[in-house]
Amino acid sequence: MTSLSSRRRALVVGLGISGIATAIGLRRAGWEPVIMERAPGRRPGGYFVVLFGAGRAAARRLGILDALPDRSPPGAITYTVDRAGTRRPGLGFGDLPVPPRAMLRGDVERAAFAALPPDVEIRYATTPTRVEQDAAGVEVTLDQGGDSVTERFDLVVGADGLRSTVRRLVFGPDGRYLHRLGYMIAATALPGPVGGLAPHEGASPATPATCPAPCAPGRRGCART
Ligand SMILES: Cc1cc2nc3c(=O)[nH]c(=O)nc-3n(C[C@H](O)[C@H](O)[C@H](O)COP(=O)(O)OP(=O)(O)OC[C@H]3O[C@@H](n4cnc5c(N)ncnc54)[C@H](O)[C@@H]3O)c2cc1C
């Protein structure tokens, strides 16, 4: 077993699913991961996520597959519904030859977090403001709840999502890496079942709507219900 003092130290920025998974993997490989999360606590929110084969294999390797529920209702039916309210049979995930396992993002976050060794250090309300690599490692300045501290690590992993601060600090402005496709998705949990649909029934609109400006003027692709 590697002693704590001889372990190489890794900074993992972001306590999302990829940050938690990275920390689990690093610890297994003998590293000492330290996770820093900008939010003041865990972020268990999110809507539905489906696990296909590759996701299932990744979850198995992480050791969390058995902890992930399958929330697909038995006998699920999907309809397409036109503007007049006419229903026609549609295709849903359950109609695929090997249906994926459906769950909420929070289910994955919870299962991954539970698999994280309890002695992995997590610092909330903390974000990097400077990342400087030299021949021996990386020096990182951190904003920890308003205090600025500088620490050394052997590795820095940016697991801080779409507009990664780590990527911006190391590789430059977002504009070089983000390519907007002109689409926007909004999702929300409804307070109750949609009128006229049973809990095992789903619906998607038969007619794509035109996105209103400034999302993507004149472009088709947003689904409005
Ligand atoms: C609350 C939430 C809900 C989501 N819901 C869904 C969903 O329902 N379905 C789906 O398919 N995808 C969802 N996603 C996106 C999905 O998690 C990602 O597409 C995918 O899982 C990649 O995750 P990630 O860990 O790389 O990044 P993310 O999930 O974006 O996690 C990044 C983490 O890094 C933290 N962070 C960001 N910037 C900094 C910083 N400067 N310093 C420190 N920490 C930082 C964020 O607070 C976040 O916790 C959601 C993401 C979040 C954060």
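All figures in this text were calculated on a predicted structure; none of them were measured in a lab. (Residues numbered from 1 in each chain as written. Predicted model: local features only at pLDDT ≥ 70, side-chain atom pairs only at ≥ 80, totals over all residues.)

A. Seen up close, the nonpolar core. Formed by 27 residues in total, the largest nonpolar core has its most connected members in Leu11, Val12, Val13, Val156 and Val157. Mapped onto this core, the elements with two or more residues apiece are strand 1 (9-13), helix 1 (17-28), strand 2 (32-36), helix 3 (105-115), strand 9 (137-144) and strand 11 (155-158). Here this core takes 5 residues from helix 1, the largest share from any one element. With residues near it in sequence (within four places) discarded, Val156 still touches Leu11, Val131, Val138, Val140 and Val166. (Core = buried A, V, L, I, M, F, W, Y, C linked by C-beta atoms within 7 Å. Buried ≥ 20, exposed ≤ 12 C-beta atoms within 10 Å, placed from the backbone. Helix = DSSP H or I, 4+ residues; strand = E, 2+ residues; numbered from the N terminus. Contact = placed C-beta atoms within 7 Å.)

B. Spotlight on the site of the ligand. In the neighbourhood of the ligand, 22 residues make up the surrounding shell, with Gly14, Gly16, Gly46, Gly161 and Thr165 lying closest. In terms of residues, the shell around the ligand owes the most to one element, helix 1, which gives 3 residues. (Near = placed C-beta within 6 Å.)

C. Structural view of the pairing of strand 9. Across 8 bridges, strand 8 (residues 126-134) lies against strand 9 in antiparallel orientation. Across the sheet, Asp134 pairs through a bridge with Gly137, a residue of strand 9. Between strand 8 and strand 9, which pair antiparallel and follow one another directly, the connecting turn spans 2 residues. Across 7 bridges, the pairing between strand 9 and strand 10 (residues 147-153) is antiparallel. Paired with Thr141 across the bridge in strand 10 is Thr150. Between strand 9 and strand 10, which pair antiparallel one after the other, the connecting turn spans 2 residues, and Gly145 there sits at a positive phi close to 55°. (Pairing = 2+ DSSP bridges.)

D. Local environment of the sheet that holds strand 5 (residues 87-89). Spatially, 3 strands are ordered 5-4-12 in an open sheet, and the strand pairing comes out mixed. The open sheet has two edge strands with one neighbour each: strand 5 and strand 12 (201-205). Strand-to-strand, the axes of this sheet are offset by a mean angle of 40°, without reference to chain direction. Bridge analysis of strand 4 (residues 77-81) against strand 5 gives 3 bridges, and the strand direction is antiparallel. By the bridge assignment for strand 5, Thr80 is matched with Arg88. (Axes fitted to C-alpha atoms, helices over the stretch in contact; angles between N-to-C directions.)

E. Structural detail: the sheet that holds strand 11. As summarised here, the arrangement of the 4 strands in space is 7-2-1-11, forming an open sheet in which the pairing is parallel. Two strands lie at the open edges of the sheet, namely strand 7 (121-123) and strand 11, each paired on one side alone. The sheet shows a mean angle of 20° between the axes of neighbouring strands, direction not considered. Contacting strand 1, strand 2 and strand 11, helix 1 crosses the sheet at an angle of about 165° to strand 2.

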